[in-house]
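Spelled out from the first residue to the last, the chains are:
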Amino acid sequence: MDFLTELESCVPSLRRYARALLRDRDGADDLVQDCLERALSRRHLWRGGEGLRPWLFRILHNIYANEIRSRRARPVFQPIDSAADLPAGGSSHDARIELREMERALNLLPEEQRYIVLLVALTGLSYQECADALGVPIGTVMSRLSRGREHLRRCLAGEAGPSLRRVK
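Treat the numbers as computed from the prediction; the structure is a model and nothing was measured.

Q: Pulling in residues and values, what's your account of the nonpolar core?
A: What tends to happen in soluble globular proteins is that the nonpolar side chains get buried as a cluster. Leu14, Tyr17, Leu56 and Leu60 are the most contacted members of the largest nonpolar core, which totals 43 residues. Residue assignment for this core shows that the elements contributing at least two residues are α1 (3-22), α2 (25-41), α3 (52-71), α4 (93-108), α5 (111-123), α6 (127-134) and α7 (138-156). With 10 residues, α1 is the single largest residue contributor to this core. Other than its neighbours up to four places away in sequence, Leu60 contacts Leu14, Tyr17, Ala18, Leu21, Leu31, Val32 and Cys35.

Here it is as structure tokens:
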């Protein structure tokens, strides 16, 4: 497959991962654009042996990590209205509660586990592709994913910290 064609086919999964990381549509689009720009400008560095997807996810993850490090020195902007994070349309109150519980549970995960859970769950990367994207051994991916999933299970079952209650 041609480089540009394969690059274009990876954009939706890059966008999903970026949105999960940032929880901001515009910021995620900017992150994906920066990733694609960097990939195109450094196309000569890509080795065709590994898949293009892990290489792109590594670029996106590195850009995100660099932005996080640089933001720590600056104040954080928090939007007053977080309604944009909720599903559009006629979603029920229970669905909103479940979405908030899942978001809270994901936020409680250590960064390393959250990255891997999001990469595997949202983008469908294989364990090996995830390991390549993050630059860690496949065993590390498997153990972090296992610990992350178990932590999510416990948290959503109400075993880890306070959870939201449903009031009828």
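Q: Any chance you could break down the packing of aromatic side chains for me, citing the residues and the numbers?
A: Inspection of every chain in the model, using the stated rule, returns five aromatic pairs. With a centroid separation of 5.7 Å and 65° between ring planes, the pair formed by Tyr17 and Phe57 is classed as edge-to-face. Separated by 40 residues along the polypeptide, Tyr17 in helix α1 and Phe57 in helix α3 bring together distant segments of the chain. The interplanar angle of 85° and the centroid separation of 5.9 Å between the aromatic rings of Tyr64 and Tyr115 together place this pair among those described as edge-to-face.

Q: Residue-level account of the pattern of salt bridges, with values.
A: Under the criterion given, the structure shown has three salt bridges. In this structure, Glu103 and Arg23 form a salt bridge, with 3.5 Å as the shortest nitrogen-oxygen distance. On the criterion of sequence distance, the pair formed by Glu103 in helix α4 and Arg23 in the loop between α1 and α2 is long-range, its members being 80 residues apart. Overall, Glu103 belongs to the partly exposed group, its relative accessible area being 27%. Using a relative accessible area of 32% as the deciding quantity, one classes Arg23 as partly exposed. For Arg153, the salt bridge goes to Glu150, with nearest N and O atoms at 2.7 Å. Here the residue Arg153 and the residue Glu150 both occupy positions in helix α7, the gap between them amounting to three residues, near one helical turn. For Arg153, a relative accessible area of 51% corresponds to the exposed category.

Q: Would you mind going over α3 in detail, with residue names and values included?
A: Taking 1.5 Å per residue as the helical rise, α3 with its 20 residues ought to reach 28 Å, and the 29 Å between its terminal C-alpha atoms agrees with that figure. For α3, the complete set of buried residues consists of Leu52, Pro54, Trp55, Leu56, Phe57, Ile59, Leu60, His61, Ile63, Tyr64 and Ala65.

Q: Any chance you could break down the packing of α5 against α6 for me, citing the residues and the numbers?
A: Viewed as axis vectors pointing N to C, α5 and α6 meet at an angle of 135°, and their least axial separation amounts to 10 Å. On the basis of the axis angle, α5 is oblique to α6. Of the two elements, α5 crosses α6, and the hand of that crossing is right-handed. In contact with Ile116, Leu119 and Val120 of α5, α6 contributes Tyr127, Cys130 and Leu134. Looking at the contact of α5 with α6 residue by residue, the classes come out as six nonpolar, no polar and no charged.

Q: Residue-level account of the state of the cysteines, with values.
A: Applying the stated criterion across every chain, the model contains zero disulfides. Cys35 carries a free sulfur, and the closest cysteine sulfur to it, the one in Cys10, is 9.3 Å from it. Judged by relative accessible area, Cys35 falls into the buried class, the value being 0%.

Q: I'd like a description of the packing of α1 against α5, backed by residues and values.
A: When two helices pack together, their arrangement is captured by the angle between the axes and the distance separating the axes. For the pair α1 and α5, interaxial distance at closest approach is 9 Å and the crossing angle is 140°. The angle between the axes of α1 and α5 places the two elements in the oblique class. For the crossing formed where α1 meets α5, the hand is right-handed. On the side of α1, the interface is formed by Ser13, Arg16, Tyr17, Ala20 and Leu21, while α5 contributes Tyr115, Leu118, Leu119, Leu122 and Thr123.

The rules behind each value
- Residues numbered from 1 in each chain as written.
- Predicted model: local features only at pLDDT ≥ 70, side-chain atom pairs only at ≥ 80, totals over all residues.
- Heavy atoms only, no water.
- Core = buried A, V, L, I, M, F, W, Y, C linked by side-chain atoms within 4.5 Å.
- Buried < 20%, exposed > 50% of the residue type's maximum accessible area, 1.4 Å probe, protein only.
- Helix = DSSP H or I, 4+ residues; strand = E, 2+ residues; numbered from the N terminus.
- Contact = heavy atoms within 4.5 Å.
- Phe/Tyr/Trp six-rings, centres within 6.5 Å; stacked < 30°, edge-to-face > 60°.
- Salt bridge = Lys/Arg side-chain N within 4 Å of Asp/Glu carboxyl O.
- Expected span 1.5 Å × (residues − 1).
- Axes fitted to C-alpha atoms, helices over the stretch in contact; angles between N-to-C directions.
- Parallel < 35°, antiparallel > 145°, perpendicular 65-115°, else oblique.
- Left-handed = near helix turned anticlockwise from the far one by under 90°.
- Nonpolar A, V, L, I, M, F, W, Y, C, P; charged D, E, K, R; others polar.
- Disulfide = S-S within 2.5 Å.

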